[in-house]
Amino acid sequence: ERQTTPFLDSLVREGILFQNSHSQASETRGSSASLITSLLPGAHGALHVEDALPDGVTTLFEHLKPHGYRTAVFSGNRVVSSLFNYGQGVDVFVDDRQRKPPERTLLYRTIISLGFPHALLRRLIEMGVPQGMNDRVVQDLWVVRHFQHWLTTLDEKPFCAYVHLFGAHAPYLP
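Residues numbered from 1 in each chain as written. Predicted model: local features only at pLDDT ≥ 70, side-chain atom pairs only at ≥ 80, totals over all residues. Heavy atoms only, no water.

1. Considerations on the sheet that holds strand β1 (residues 70-75)
Backbone-to-backbone hydrogen bonds join strands into a sheet, with any given pair of strands oriented parallel or antiparallel.
Link 1 in the chain: Reading across the sheet, the 3 strands line up as β2-β1-β3 and stay open at both edges, with parallel pairing between neighbours. Edge strands, defined here as strands with exactly one partner in the open sheet, are β2 (92-95) and β3 (159-164). Strand-to-strand twist across the sheet, computed as the mean angle between neighbouring axes with direction ignored, equals 5°.
Link 2 in the chain: Two elements, β1 and β3, share 6 bridges in a ladder whose sense is parallel. Counted as the bridge partner of S75 is H164 from β3. (Pairing = 2+ DSSP bridges. Helix = DSSP H or I, 4+ residues; strand = E, 2+ residues; numbered from the N terminus. Axes fitted to C-alpha atoms, helices over the stretch in contact; angles between N-to-C directions.)

2. So, the pattern of salt bridges
Link 1 in the chain: Evaluated as defined, the whole model comprises 1 salt bridge.
Link 2 in the chain: Its salt-bridge partner being D91, residue K65 comes within 2.2 Å of it at the nearest N-O pair. Taken together, the positions of K65 in the loop between α4 (60-64) and β1 and D91 in the loop between β1 and β2 put the pair 26 residues apart, joining distant regions of the chain.
Link 3 in the chain: Residue classification places K65 among the partly exposed residues on the basis of a relative accessible area of 33%.
Link 4 in the chain: Under the relative-accessibility criterion, D91 is labelled partly exposed at 41%. (Salt bridge = Lys/Arg side-chain N within 4 Å of Asp/Glu carboxyl O. Buried < 20%, exposed > 50% of the residue type's maximum accessible area, 1.4 Å probe, protein only.)

3. Here we look at the environment of D155
Link 1 in the chain: Checked against the element boundaries, D155 lands in the loop between α7 (135-152) and β3.
Link 2 in the chain: Overall, the relative accessible area of 44% leaves D155 in the partly exposed class.
Link 3 in the chain: Taking the C-alpha atoms as reference points, D155 and R70, separated by 85 residues in sequence, lie 9.5 Å from one another.
Link 4 in the chain: Within the local environment of D155, its side chain forms a polar contact with the backbone nitrogen of K157, the two atoms lying 2.9 Å apart. (Polar contact = N/O pair within 3.5 Å; in protein donor to acceptor, adjacent residues only side chain to side chain.)

4. A closer look at a nonpolar patch on the surface
Link 1 in the chain: A grouping of F7, L8 and L11 is seen on the molecular surface, where their side chains present a nonpolar patch of about 330 Å² in accessible area.
Link 2 in the chain: On the secondary structure map, L8 appears in helix α1 (residues 6-14). (Patch = residues over 30% accessible without salt bridge, like charges linked within 9 Å, V, L, I, M, F, W, Y side chains within 5 Å. Areas by Shrake-Rupley, 256 points an atom, 1.4 Å probe, with all protein chains shown as cover.)

5. Concerning the environment of A52
Link 1 in the chain: With respect to the helices, strands and loops of the structure, A52 is situated in the loop between α3 (41-44) and α4.
Link 2 in the chain: On the basis of relative accessible area, A52 is assigned to the partly exposed category, the value being 36%.
Link 3 in the chain: Those residues within four positions of A52 in sequence are excluded, and the remaining contacts are A46 and F84. (Contact = heavy atoms within 4.5 Å.)

6. So, the pairing of β1
Link 1 in the chain: With 6 of its 6 residues buried, β1 lies for the most part within the structure.
Link 2 in the chain: Going residue by residue along β1, you find R70, A72 and F74 tucked away on one face and T71, V73 and S75 tucked away on the opposite face as well.
Link 3 in the chain: Two strands pair when backbone bridges link them, and β1 and β2 are joined in this way by 4 bridges, in the parallel orientation. Across the sheet, S75 pairs through a bridge with D95, a residue of β2.

Right, here's the structure in full:
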């Protein structure tokens, strides 16, 4: 019998199945804050999209720094940004706000230089079509490149890095 899904088959064999998992919040701000503080949203206070993580809340990074850890956050989601105090205890914080807008990226400039109409390209990026030109993909690649570069700067000290990508968000196209 021909194997049609060898990668998925290996993932099933080697992976772990969580039959009962929970999220602390239904949105990114509260979930991410819970992840880095080990607190429920009511305790850390980042309940709504406009809420920042309070200064008085101790993060995982703040716990690890006295033990010699290098700490970093790389985020492609503006909700998890230094603007909202997610950089507490972090040596390096790279977020989407530091990225060049899409019209300045090499991919975008190259396509425009080939004569592709600017307005149509903007619309395609907003729609997520064609696949591979979605700005979220470009955004995530930008985050991953910065994370990979940071990894090359590390010495023998332990480290903790939180990498938050945005590409898994809608639109969900079959």
